[in-house]
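Residue-level structural notes
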Amino acid sequence: MSVEIIDFSVERKRPPRGSTILEVRDLHTQFDTEQGIVHAVAGVSFELKAGETLAIVGESGCGKTVTALSILGLLPHRQGRIAGGQILFHGEDLVPMTTKQLNTVRGDRIAMIFQDALTALNPVYRVGSQIAEMIRAHRDVTKQEAYERAVELLDLVGIPNAPRRAQDFVHQFSGGMRQRAMIAMAIALEPEILIADEPTTALDVTVQAQILDVVQEIGERMDMSIILITHDLGVVARIADRVMVMYAGRHIEAADTHDIYHAAKHPYTWGLLESMPRVDAETGKQLHQIGGAPPSLIDPPRGCRFAPRCAYVQPICETDYPEPQVVDGSSVVCHFAARPDWTADLDPTELRASLTREGGS
């Protein structure tokens, strides 16, 4: 992977590391269905700093991918819409932008690795040509220059015999190679932000590790910020600087990765960590599961959305939604997060066991 990169980037000064380049404020994304309005994202807020990797984690259906699609304006035209909030990229709001304006950002300054490479790539075009076409959409280069860049990128992400494989179709690539091709397309113009939507889904463990290594190395080499969307907490520990936990369309905890693993403050995060296999766990220790299921996003609970499954639920949780509060540097959405002794009179063993019961109560 020691390939010299052709400079197809434009003259654009990178912001200093640690400065905020993307800020999502109170984002609300909705979908119209026959059953009613789905509140897929309901008040999510977070920041992304230059040079950092932010992981967004949570169960399937919690709004992770919809948040990413909202940033790029890729929601279904008829059903989906951003109903409120701001998405500030270098201080400029992306929400009111037209499709033409967003096209100057997508792929060039903010790029995305989609979850299913088989459906994201066009089956009737050769892989190298698809990457070259994307390059020519944003840069004034010849077909030959763009194609040479595509071959170089395929080599960069670890595809062997790249000149020959660039002439193959998508179905001739394995799952891991398709993801590498998606990464090659996403990094072609050296974007400032790379959004990786579960890039290791359906890949075996060995290939997952290879793909993560590629994403991490490319991010460091090209000085990109990364938003990693995943439900795999093992992946988070490997690559992320900060973590935002989502549940039922809302963010419920955000902190440095170390604090999430060693000092999590939300009961849902505790449940996720309890359900994760650990190599340092005692032999024979059972994994716990969070009882019940996420609520309907058409008619979510009035109070805390996690209350029906929470082992620590109190009456106020079922009536009032908690506001985010900062506790020891972590942003937590829980009525009791600022009271470290609030579970002192409760039996932790019994409470953890109750996480496995239906409803968690």
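Quick summary incoming for the structure in this document.

With that out of the way, let us pick up the nonpolar core. Grouped together as the largest cluster of nonpolar side chains are 68 residues, with contacts concentrated most on Leu22, Phe46, Ile71, Ile195 and Ile227. By residue number, the principal contributor to this core is strand β2 (residues 37-49), which donates six residues. Each residue touching isoleucine 71, except ones within four places of it in the same chain, is listed here: Leu22, Val24, Phe46, Ile87, Leu94, Ile110, Ile195 and Ile227.

Once that is clear, we can look at the layout of surface pockets. To locate leftover empty space, one rolls a probe as large as a water molecule over the atoms. In this structure, the largest pocket spans a volume of roughly 560 Å³. Forming the walls of the largest pocket are 20 residues, and the residues nearest its centre are Gly107, Met112, Phe114, Met134 and Met185. Listing elements by their share of the lining of the largest pocket, those giving two or more residues are β6 (110-113), α4 (127-138) and α7 (175-187). A total of four residues in the lining of the largest pocket trace back to one element, the largest contributor, which is α4. Of the residues in the lining of the largest pocket, the class split is 13 nonpolar, five polar and two charged.

This brings us to unusual backbone geometry. Although it is not a glycine, histidine 90 sits at a positive phi angle of roughly 55 degrees. We classify histidine 90 as partly exposed; its relative accessible area is 38%. Although it is not a glycine, aspartate 328 adopts a positive phi angle of roughly 50 degrees. As for its position among the elements, aspartate 328 is in the loop between β11 (325-327) and β12 (330-332).

This brings us to α7. Along an α-helix, a turn takes 3.6 residues, which lines up residues three or four apart on a common side. The terminal C-alpha atoms of α7 lie 19 Å apart, and with 13 residues this matches the ideal 18 Å at 1.5 Å per residue to within 8%. Burial within α7 is extensive, with 12 of its 13 residues counted as buried. The set of residues buried in α7 consists of Gly176, Met177, Arg178, Gln179, Arg180, Ala181, Met182, Ile183, Ala184, Met185, Ala186 and Ile187.

Before going further, it helps to spend a moment on the packing of aromatic side chains. Going through the model one piece at a time under the given rule, you end up with four aromatic pairs. Their ring planes at 80 degrees and their centres at 5.2 Å tell us that tryptophan 270 and tyrosine 312 sit as a pair that is edge-to-face. One end of the pair, tryptophan 270, is in helix α11 (residues 267-274); the other, tyrosine 312, is in the loop between α11 and β11, with 42 residues separating them in the sequence. Feature note: the residues Tyr247, Tyr268 and Phe306 constitute an aromatic cluster, connected by ring pairs. One residue, arginine 250, lies across the ring of tyrosine 321, its end atom 3.9 Å from the ring centre.

For the rest of this paragraph, the subject is the sheet that holds strand β1 (residues 20-32). With respect to topology, four strands assemble into an open sheet ordered β2-β1-β4-β5, the strand pairing being antiparallel. Strands with a single pairing partner mark the edges of an open sheet, and in this sheet they are β2 and β5 (92-93). Taken together, the two bridges between strand β4 (residues 80-89) and β5 define a ladder with antiparallel strand orientation. Looking at β5, one finds that leucine 88 is bridged to aspartate 93.

To continue, consider the packing of α7 against helix α8 (residues 205-221). The geometry of α7 relative to α8 is characterised by a closest axis approach of 10 Å and an angle of 10 degrees between their N-to-C directions. In terms of axis orientation, α7 runs roughly parallel to α8. Contact residues: Gly176, Gln179, Arg180, Ile183 and Ile187 in α7; Val207, Gln210, Ile211, Val214, Val215 and Ile218 in α8. Partitioning the contact of α7 with α8 into residue classes produces seven nonpolar, three polar and one charged.

A word on empty space enclosed by the protein. This model, assessed by the stated rule, comprises three cavities of 30 Å³ or more. Within this model, the largest cavity holds a volume of roughly 100 Å³. Pro267, Cys304, Cys310, Cys317 and Cys334 are, among the 14 residues lining the largest cavity, the residues nearest its centre. Of the residues assigned to the lining of the largest cavity, the class counts are 12 nonpolar, two polar and no charged.

With that settled, consider the pattern of salt bridges. Inspection of the entire model under this criterion finds 11 salt bridges. Glutamate 23 is paired through a salt bridge with arginine 25; the nearest N and O atoms lie 3.0 Å apart.

Let's shift gears to the environment of proline 322. Checked against the element boundaries, proline 322 lands in the loop between α11 and β11. Taking the C-alpha atoms as reference points, proline 322 and valine 333, 11 residues apart in sequence, are found 5.7 Å from one another. Apart from the residues lying within four places of it in its own chain, the contact partners of proline 322 are Cys304, Val333, Cys334 and His335.

Here the focus is the environment of histidine 90. Within the secondary structure, histidine 90 sits in the loop between β4 and β5. C-alpha separation for the pair histidine 90 and proline 15, spaced 75 residues apart in sequence, amounts to 9.3 Å. Among all residues touching histidine 90, those that are not within four sequence positions of it are Pro15, Ile21, Arg109 and Glu192.

Thresholds applied
Residues numbered from 1 in each chain as written. Predicted model: local features only at pLDDT ≥ 70, side-chain atom pairs only at ≥ 80, totals over all residues. Heavy atoms only, no water. Core = buried A, V, L, I, M, F, W, Y, C linked by side-chain atoms within 4.5 Å. Buried < 20%, exposed > 50% of the residue type's maximum accessible area, 1.4 Å probe, protein only. Helix = DSSP H or I, 4+ residues; strand = E, 2+ residues; numbered from the N terminus. Contact = heavy atoms within 4.5 Å. 1 Å grid on protein atoms, 1.4 Å probe; cavity = no way out; pocket = protein on both sides within 12 Å on 5 of 7 lines; lining within 4 Å. Points joined across faces, edges and corners; volume = space filled by probe spheres on them. Nonpolar A, V, L, I, M, F, W, Y, C, P; charged D, E, K, R; others polar. Expected span 1.5 Å × (residues − 1). Phe/Tyr/Trp six-rings, centres within 6.5 Å; stacked < 30°, edge-to-face > 60°. Lys NZ or Arg CZ within 6 Å of the ring centre and 35° of its normal. Pairing = 2+ DSSP bridges. Axes fitted to C-alpha atoms, helices over the stretch in contact; angles between N-to-C directions. Parallel < 35°, antiparallel > 145°, perpendicular 65-115°, else oblique. Salt bridge = Lys/Arg side-chain N within 4 Å of Asp/Glu carboxyl O.

Distances and angles like these do not, on their own, reveal function.
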